[in-house]
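Descriptive structure summary
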4 protein chains.
Amino acid sequence: MAERINRDTRGVYIIAATPFTDQGDIDHDSLRRLVDFYIGHGVTGLTILGMMGEANKMTGDERRAVIDTVLARTGDLPVVVGVSDAGLANLTDLASYAMDEGAAGVMVAPSAGPAREDRIEVYFHAVCEALGPEVPVCFQDFPLATGLPVSPALIRRLSQERDQIVMLKHEDWPGLTKITQLRKQEEAPGVARLSILCGNGGLYLPQELQRGADGAMTGFAYPEALVQTVALHHAGRVDEAEDLFDRYIPILRHEQQPGFGLAVRKYVLMKRGAIASAATRAPGPKMSAIDAAETDRLMARLEARLKG
Amino acid sequence: MAERINRDTRGVYIIAATPFTDQGDIDHDSLRRLVDFYIGHGVTGLTILGMMGEANKMTGDERRAVIDTVLARTGDLPVVVGVSDAGLANLTDLASYAMDEGAAGVMVAPSAGPAREDRIEVYFHAVCEALGPEVPVCFQDFPLATGLPVSPALIRRLSQERDQIVMLKHEDWPGLTKITQLRKQEEAPGVARLSILCGNGGLYLPQELQRGADGAMTGFAYPEALVQTVALHHAGRVDEAEDLFDRYIPILRHEQQPGFGLAVRKYVLMKRGAIASAATRAPGPKMSAIDAAETDRLMARLEARLKG
Amino acid sequence: MAERINRDTRGVYIIAATPFTDQGDIDHDSLRRLVDFYIGHGVTGLTILGMMGEANKMTGDERRAVIDTVLARTGDLPVVVGVSDAGLANLTDLASYAMDEGAAGVMVAPSAGPAREDRIEVYFHAVCEALGPEVPVCFQDFPLATGLPVSPALIRRLSQERDQIVMLKHEDWPGLTKITQLRKQEEAPGVARLSILCGNGGLYLPQELQRGADGAMTGFAYPEALVQTVALHHAGRVDEAEDLFDRYIPILRHEQQPGFGLAVRKYVLMKRGAIASAATRAPGPKMSAIDAAETDRLMARLEARLKG
Amino acid sequence: MAERINRDTRGVYIIAATPFTDQGDIDHDSLRRLVDFYIGHGVTGLTILGMMGEANKMTGDERRAVIDTVLARTGDLPVVVGVSDAGLANLTDLASYAMDEGAAGVMVAPSAGPAREDRIEVYFHAVCEALGPEVPVCFQDFPLATGLPVSPALIRRLSQERDQIVMLKHEDWPGLTKITQLRKQEEAPGVARLSILCGNGGLYLPQELQRGADGAMTGFAYPEALVQTVALHHAGRVDEAEDLFDRYIPILRHEQQPGFGLAVRKYVLMKRGAIASAATRAPGPKMSAIDAAETDRLMARLEARLKG
């Protein structure tokens, strides 16, 4: 069984897409193929059932089936499971299922309910109470999607008071200073380190690493770019890391279109042979012919650049 | 079996709370008692699994169980079922189940996904396609909760193009002019009437009726106030309707606190004997001792006023 | 010169409308008449250039002229001046002008710029630095308008660290528990009392007083209702205060329509002879004939109730 | 005097920053130097007093002074003036002043007041009425900043009904499909062409041009990159345009951090000698030492890439 996430976790946890057939059913064959694709590109771990995994459009049974398929395939590779839910009982049930199956931890975003920092604080304590202290939690800080901005002080307070909050999925935007502030806090005595993996498409990954982040947790359809950037950076080859990364920026920024980017991402994964269909589940973004041609062009330009 | 909702539907469709035990399970005994309570107070119909029914914190199975319990109890009384969901397939599945069980129609709010009027339009066409033309739809227009304001022109266009969109749950705020605009549109030839039932706690019900609304669709814990106000108004006794209504305003406005009001509502329902526990499902608002005393006071004042 | 606001200030600070001519110019004659109207109804103080005073649609010179006219008329009556502005220099300049003219303090809302509690905190410290320690500040907490919810803990922290933050304009919604929390904090040693005046149209004024608020700061067009409610409450005649208040609720809740309510308020002030024209400045809400008739009806019903 | 903007305007209208001294005063010397810098890099026109120009933190007199300084320096070069304001009279006054001084048109964003497409429509008609038909208008469509998403259908309707709405500042995100939709609309008979200049930092400029945009209206601190990209594209050298652009993406995406990016932009302008101080007006973002070092690094990497 895989190691659980902890305060020293680093590397690339790829946010896994969920493949659907053109009819909207979960395509488990493609899901297995996709897991192999991610593993083949050297990721450190997987994060499934996140926002980009379209979990909110699935039934509970479907989410469980996705967990089954992925965990049957990943072996020693750690898998974080997104369990955010409007209901605390649903959240806990899914978390228990995932942990029993061997997940490495769960990811929770502040719910739409609480709209003030003191309410978010109460909410996360309730989540930890309900999960029990053994379940490692990754705090997903994504104000652009949740509408709930959170101060670094609150993240730190929660992480200090709850041993199980070991990781931050950092996707505030702009968020570089937040990393610096969080790392500075850790210089004080008695402050426990927090693993920081960066999301938000990876658009500022080199800068985030230079500020002290531990890696990436995002779903870019070229996971090798994330893996190599993080590896080079951790090997002290900071400039090479950024040189490599910069070659991918044009298509990465294209994937980083809120709401629509998922369609691009799935299209690229399909073109790369990782999944059978680029379909998102309804209601979801769809690629037009012109969107597809535009993405083809960006892929071709990337290929030429990598060869050149 | 109950009649389906249509463009001439009027009266009071009470938004039903979902009773939970203190442990967070659905309390079906209380649910049956609550249905009897609503019927005993003369409501025209019920709306279940709406936002105030905490549907988003239930599993699919639980929602189906609520439908079963309610529809086994309501007989000829029409029941509208809230089916809003981030996923279109989940929405459709629940709608089919409800209609098969004898529901009078379904209620759908614009999903958080689409954030522009053209996207909301596309979304509702997709919903109607997926439901099939036989399922009557109530459009829930509640920008304070959805974050998605909608022009009267769009509501009308959808209602003209889709015969099945027969009803508006009106809870824009301020929204009195919207009713006037919608009714004015219907003076043009070829424009089909829309049933308009008002939500938003009922805070402006007399004014809404005077503007041309057909009744109420909200969950005030004194349903008799809504029933009598609407009945008096429809009997042409407009002043009496408003006199009656005004006596309830102090407690009605207390129930009309966004997010927190549901706790007050359930507390009043419990005190009135309609349900066993005032608990909301986590994460949900909770009454403190001071909250309870405050509501007790408002209930006592109402009682005194009604007697006086 | 009037006394400045302080941590023990109580009573009714009426939010003054700004009268305009039908051509959109500031009507200083009406402004003087309006000040007399407010004073005649027994208010404790005035708050000018707030959101409902349409300050954001005026030039700097116009704001100064409003300050001049009002302060020339109010004598010993304290006047709080709203100085919120996107720019700190503009804010400070207006505040200096107002204080030099004899204002009792200034009111500041979190600016649209900072969107996280730590940023709001930094912002208020910068405001206090720029104002200097002698200028008393009223913190306007109005998330429905600013989009910036604030925890009671942050309000307290600012009020503890900055002696000059002496007053809270409370208009969070729901916000009753917030008052209880703030008053509970003051039971701890070393915590300075905060004057709490309630806005938000006054919809929950009796409850707010019962929770420990010191009075009202809102612009209801029947200021006598606020004045008498607060006076009766402070005289220990709590039930009478609420009885009196409840008679005004139907029209008060009509004035309490976000965005549109200002048009109703000015219309009522005009009908009561306090100002010459009900016009708001463009772009602003306008009363249609049906809106006017509806408000006339509510006014007549109130009059009948007060006589009855 | 410069030509006014019209439906066929193309090229690069650079969004001009407003230079301040470290004390927060407008630095007119730097403003003149900055205009020369922009002109020297070949821009087609200037847009002043936009959001990134910090206009909302200036007094009316200061805005007029900026107009004076810029228009005294630009000669034949067209200058668009941002005039968005909460008050319609202030908007109109500034627009009149600007047009009298020789501006090429004005830019208006939907105001925070109206929150529904029908209200935005009414608002823009009121703006056009107030401006008079001779003033060319650029519609700024920037939902991330205004909170007001707008359908392409509404933009088109306004542009058809008001001859003076000749240009769209396109900064919806994602927004590529919007360009395609707007251009497709123009294939119908009787539909007037709209000039489309793209903002949003320029992050997708090559794609936007390929979709039919006419150029850029954004404030990237390397205006030569925008100028050359647009020129190459318009010369039919589409691949070269994108090759050139891609070299700038790493630093462009760094400048494209909402709220904070303005500090980066001004820092780069200062380092390039275009302005004396990187200060923004309070409350505004500030560069820390680490922010500065990070930007230095990105500038150095760009320089190396351009040489390489």
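Description of the structure in this document. Since the model is a prediction, treat every value here as computed from it, not as a measurement. (Residues numbered from 1 in each chain as written. Chains lettered and ligands numbered in written order. Predicted model: local features only at pLDDT ≥ 70, side-chain atom pairs only at ≥ 80, totals over all residues. Heavy atoms only, no water.)

Here we look at the overall build of chain A
In terms of helices and strands, chain A carries 12 helices and 8 strands. Taken over C-alpha atoms, the radius of gyration comes to 18 Å for chain A, in line with the 19 Å a tight globule of 308 residues would show. Classification of the 308 residues of chain A by burial places 64% in the buried group. Contacts spanning at least 24 positions in sequence make up 74% of the contacts within chain A whose residues lie at least 6 apart. Carbon and sulfur atoms provide 52% of the accessible area of chain A, an area that totals close to 10500 Å². Computed over 33 positive and 41 negative side-chain charges, the inter-centroid distance for chain A is 4 Å. (Helix = DSSP H or I, 4+ residues; strand = E, 2+ residues; numbered from the N terminus. Rg over C-alpha atoms; globule rule 2.2 N^0.38 Å. Buried < 20%, exposed > 50% of the residue type's maximum accessible area, 1.4 Å probe, protein only. Contact = heavy atoms within 4.5 Å. Areas by Shrake-Rupley, 256 points an atom, 1.4 Å probe, with all protein chains shown as cover. Lys, Arg positive; Asp, Glu negative; His and termini not counted. Charge placed at Lys NZ, Arg CZ, Asp CG, Glu CD.)

What about the environment of A55 of chain A?
Residue and element names in this part refer to chain A. Mapped onto the fold, A55 is located in the loop between β2 (45-48) and α2 (60-74). Separated by 36 residues in sequence, A55 and L91 have C-alpha atoms that sit 12 Å apart. Those residues in contact with A55 that sit more than four places away from it in its chain are L49, G50 and R63.

Remarks on the interface of chain A and chain D
Frequently, the measure chosen for interface size is the accessible area that the parts lose on association. Each side of the interface is counted separately: chain A has 33 residues, and chain D has 33 residues. Taking both partners together, chain A and chain D bury about 2900 Å²; carbon and sulfur atoms supply 50% of that area. Ranking the residues of chain A by area buried against chain D places W173, R253 and R297 of chain A at the top, with a combined share of 22%. Run the count over chain A and chain D and you get 16 salt bridges. The shortest N-O distance in the salt bridge between E242 of chain A and R297 of chain D comes to 2.8 Å. Where chain A packs against chain D, one counts 22 residue pairs in polar contact (both at pLDDT 80 or more). (Buried area = accessible area lost by both parts, 1.4 Å probe. Salt bridge = Lys/Arg side-chain N within 4 Å of Asp/Glu carboxyl O. Polar contact = N/O pair within 3.5 Å; in protein donor to acceptor, adjacent residues only side chain to side chain.)

Focus: the pairing of strand β7 (residues 195-198) of chain A
Residues and elements named next belong to chain A. Here β7 shows no split at all, with S195 and L197 on one side and I196 and C198 on the other all buried. Both strand β6 (residues 165-170) and β7 contribute to a ladder of 4 bridges, which runs parallel. Counterpart to M167 in the pairing with β7 is S195. In this fold, β6 hands off to helix α7 (residues 176-185), which returns the chain to β7; that crossover is right-handed. Relative to strand β8 (residues 215-216), β7 runs parallel, the two being bridged by 2 bridges. Within the sheet, the bridge partner assigned to L197 lies in β8 and is G215. Once the chain exits β7 it traverses helix α8 (residues 205-210) before rejoining the sheet at β8, and the crossover so formed is right-handed. (Pairing = 2+ DSSP bridges. Right-handed = clockwise from strand over helix to strand, strands pointing away.)

Digging into the side chain of K266 of chain B
Residues and elements named next belong to chain B. Tracing the backbone shows K266 in helix α11 (residues 261-271). Overall, K266 belongs to the buried group, its relative accessible area being 0%. Of note is the side chain of K266, whose polar atom sits 2.6 Å from the side chain of E54. Apart from residues lying up to four places away in sequence, K266 is in contact with A17, T18, P19, F20, E54, I275, A278, A279 and T280.

Concerning the environment of L232 of chain D
Residue and element names in this part refer to chain D. Assignment of secondary structure puts L232 in helix α9 (residues 223-234). Spatially, the C-alpha atoms of L232 and L244 are 9.1 Å apart, while their sequence positions differ by 12 residues. Each residue touching L232, except ones within four places of it in the same chain, is listed here: R237, V238, E240, A241 and L244.

Quick look at the side chain of H125 of chain C
The residue H125 of chain C is located in helix α4 (residues 117-131) in this model. Residues within four places of H125 of chain C in sequence aside, it is in contact with L158, E161 and R162 of chain C.

Some thoughts on the sheet that holds strand β3 (residues 79-82) of chain C
All names here are of chain C. Pairing is parallel in the closed barrel, where 8 strands are placed in the order β1-β2-β3-β4-β5-β6-β7-β8. Note: strand β4 (residues 105-108) against strand β5 (residues 137-141), 3 bridges, orientation parallel. Residue pairing for β5: V108 is matched across the bridge by F139. Against the sheet, α4 touches β4, β5 and β6 (165-170), its axis set at about 155° to β4. (Axes fitted to C-alpha atoms, helices over the stretch in contact; angles between N-to-C directions.)

Description of the relation of the copies chain A and chain D
Each copy superposes on the other: chain A lies on chain D with an RMSD of 0.0 Å after a rotation of 180° and an axial shift of 0.0 Å. Given the turn and translation reported, the copies of this chain are related as if by a two-fold rotation axis. For chain A, the minimum C-alpha distance to the rotation axis belongs to I249 of chain A and amounts to 3.6 Å. Interface overlap between copies is the fraction of interface residues in one copy that are interface residues in the other; for chain A against chain D it reaches 100%, indicating a shared surface. (Least-squares fit on C-alpha atoms with pLDDT ≥ 70 in both.)

Looking at the state of the cysteines
Within this structure, the stated rule accounts for 0 disulfides over all chains. Free of any disulfide, C198 of chain B has its nearest neighbouring cysteine sulfur in C138 of chain B, separated by 11 Å. Left without a disulfide partner, C128 of chain C is nearest to the cysteine sulfur of C138 of chain C, which lies 12 Å away. Exposure remark for C128 of chain C: the relative accessible area of 2% places this residue in the buried category. (Disulfide = S-S within 2.5 Å.)

What about the packing of aromatic side chains?
In this structure the tally under the stated criterion is 26 aromatic pairs over all chains. Through a chain of ring-to-ring contacts, three or more aromatic side chains come together here, namely Y123, F124 and F139 of chain A. For R64 of chain B, the ring lying beneath its charged end belongs to Y97 of chain B, and the centroid distance is 5.5 Å. (Phe/Tyr/Trp six-rings, centres within 6.5 Å; stacked < 30°, edge-to-face > 60°. Lys NZ or Arg CZ within 6 Å of the ring centre and 35° of its normal.)

Focus on helix α1 (residues 28-40) of chain A
Every α-helical turn comprises 3.6 residues, leaving residues that sit three or four positions apart pointing alike. Residue and element names in this part refer to chain A. In this model, α1 (13 residues) spans 18 Å end to end at C-alpha, consistent with the 18 Å of a helix rising 1.5 Å per residue. Burial in α1 covers these residues: S30, L31, L34, V35, F37 and Y38. Down the axis of α1, the smallest arc covering the buried residues is 160°, so these residues share one side. Turned more than 90 degrees away from the buried face of α1, the exposed residues are D29 and G40. (Expected span 1.5 Å × (residues − 1). Arc of directions from axis to C-beta.)

Things to note about the sheet that holds strand β4 (residues 105-108) of chain A
All names here are of chain A. Sheet architecture is closed into a barrel: 8 strands sit in the order β1-β2-β3-β4-β5-β6-β7-β8, paired in parallel fashion. Relative to β8, strand β1 (residues 11-15) runs parallel, the two sharing 2 bridges. Along β8, the bridge assignment pairs G11 with G215.

Considerations on the relation of the copies chain B and chain A
Overlaying chain B on chain A yields an RMSD of 0.0 Å, the required transformation being a rotation through 180° with an accompanying axial translation of 0.0 Å. Here 100% of the interface residues in chain B have copies in chain A that are interface residues too; the copies meet face to matching face.

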